Amino acid sequence: MSALPSSTRAKRPEFRNINAFNDLPGYRWPLAAVVSGMHRFSGLVMFLLMPFIIWMFDTSVSSEISFARFTSAFHNGIGFVPGVIVKLVALLLIWSYLHHFFAGLRHIRMDLFHTVSKEAGRQTAQVTLVLSLGLTVALGAKLFGLY
């Protein structure tokens, strides 16, 4: 066994723990990472707002009287919550569903075709954002009565 002199040995890499508060804010996430994080966030939003989703479904289909109460919630509000806040929560749900749906399709496409490259990731992330945000704007305009 031959030993190399210490002067010719390659310097070993030095690993350190990162400080999330100092290091991560300056890190520039690629678009695919942003879409992946938003996919997780949209799933969390849908989970946390599940009682609101169930209430909306129940009151919209139970009877004509409950449907009138449902539509009134979007115009007059619910209790101390004004109607515009109810509409904004519904808009958040619309975005979270659309984003989660399209990002899920993106992941299924990657799994099926094994196309995992930086360029494909960036392009599918762009498509996901354009579709989810574009449809959210269109449905939000309908929700707020612009057409």
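As the structure is a computational prediction, the values presented were derived from the model and not from experiment. (Residues numbered from 1 in each chain as written. Predicted model: local features only at pLDDT ≥ 70, side-chain atom pairs only at ≥ 80, totals over all residues. Heavy atoms only, no water.)

Asker: What exactly am I supposed to notice about the overall build of the chain here?
Answerer: For the chain, the count of helices and strands is six helices and zero strands. Secondary structure elements of the chain occur, N-terminal to C-terminal, as α-α-α-α-α-α. For a compact globule of 147 residues, the expected C-alpha radius of gyration is about 15 Å, and the chain comes in at 24 Å, more than 25% above that figure. Considering only C-alpha atoms, the chain reaches an extent of 90 × 35 × 25 Å along its principal axes. A burial count over the chain gives 25% of its 147 residues as buried. Sequence-distant contacts, at least 24 apart, represent 68% of the contacts inside the chain between residues at least 6 apart. Carbon together with sulfur atoms contributes 69% to the accessible area of the chain, which is approximately 11,100 Å² in total. In the chain, which carries 13 positive and 6 negative side-chain charges, the distance between the mean positions of the two groups comes to 10 Å. (Helix = DSSP H or I, 4+ residues; strand = E, 2+ residues; numbered from the N terminus. Rg over C-alpha atoms; globule rule 2.2 N^0.38 Å. Buried < 20%, exposed > 50% of the residue type's maximum accessible area, 1.4 Å probe, protein only. Contact = heavy atoms within 4.5 Å. Areas by Shrake-Rupley, 256 points an atom, 1.4 Å probe, with all protein chains shown as cover. Lys, Arg positive; Asp, Glu negative; His and termini not counted. Charge placed at Lys NZ, Arg CZ, Asp CG, Glu CD.)

Asker: Looking at this model, I keep getting lost on the side chain of Thr-59. Mind explaining?
Answerer: Positionally, Thr-59 belongs in helix H3 (residues 50-61). Exposure remark for Thr-59: the relative accessible area of 2% places this residue in the buried category. Reaching out from Thr-59, the side chain makes a polar contact with the backbone oxygen of Trp-55 at a distance of 2.9 Å. If near-sequence neighbours (up to four positions away) are discounted, Thr-59 is found in contact with Ser-66, Phe-67, Arg-69 and Phe-70. (Polar contact = N/O pair within 3.5 Å; in protein donor to acceptor, adjacent residues only side chain to side chain.)

Asker: Just checking my understanding: could you explain the pattern of salt bridges for this structure?
Answerer: Applying the stated criterion across every chain, the model contains one salt bridge. Glu-119 is the partner of Arg-122 in a salt bridge, and the nearest nitrogen-oxygen pair spans 2.5 Å. With a gap of three residues between them, Arg-122 and Glu-119 both fall in helix H6 (residues 118-143), about one helical turn apart. A residue is classified by how much of its surface remains accessible, and Glu-119, at 40% relative accessible area, is partly exposed. (Salt bridge = Lys/Arg side-chain N within 4 Å of Asp/Glu carboxyl O.)

Asker: Would you mind showing me how to read the nonpolar core here?
Answerer: Buried together is how nonpolar side chains tend to be arranged in soluble globular proteins. Counting residues in hydrophobic clusters, the biggest one holds seven residues: Phe-52, Met-56, Phe-70, Phe-74, Val-86, Ala-90 and Leu-93. Looking at this core, the elements with two or more residues in it are H3, helix H4 (64-76) and helix H5 (83-113). With three residues, H5 is the largest single contributor of residues to this core. Beyond its immediate sequence surroundings of up to four residues, Met-56 is in contact with Phe-70, Phe-74 and Leu-93. (Core = buried A, V, L, I, M, F, W, Y, C linked by side-chain atoms within 4.5 Å.)

Asker: Would you take a moment to explain a nonpolar patch on the surface for this structure?
Answerer: On the surface, Val-84, Ile-85, Leu-88, Phe-144, Leu-146 and Tyr-147 cluster together to form a nonpolar patch covering roughly 600 Å² of accessible area. The residue Leu-146 is located in the segment after H6 in this model. (Patch = residues over 30% accessible without salt bridge, like charges linked within 9 Å, V, L, I, M, F, W, Y side chains within 5 Å.)

Asker: Help me understand the packing of helix H2 (residues 31-48) against H3, please; the structure alone is not making it clear to me.
Answerer: When two helices pack together, their arrangement is given by the angle between the helix axes and the distance between those axes. At their nearest, the axes of H2 and H3 sit 4 Å apart, and the two run at 55° to each other. When the axes of H2 and H3 are compared, the pair comes out oblique. Contact residues: Met-46, Phe-47 and Leu-48 in H2; Met-50, Pro-51 and Ile-53 in H3. Residues belonging to the contact of H2 with H3 are distributed by class as follows: six nonpolar, no polar and no charged. (Axes fitted to C-alpha atoms, helices over the stretch in contact; angles between N-to-C directions. Parallel < 35°, antiparallel > 145°, perpendicular 65-115°, else oblique. Nonpolar A, V, L, I, M, F, W, Y, C, P; charged D, E, K, R; others polar.)

Asker: I tried to follow the confidence of the model for the chain on my own but got confused; where do I start?
Answerer: Interpretation of this model should avoid reading the predicted coordinates in detail wherever pLDDT is low. Here the chain shows a mean pLDDT of 90. Residues at 70 or above account for 95%. Averaged pLDDT values for the elements of the chain fall to 78 in helix H1 (residues 20-23) and rise to 96 in H2. (pLDDT = per-residue confidence, 0-100.)

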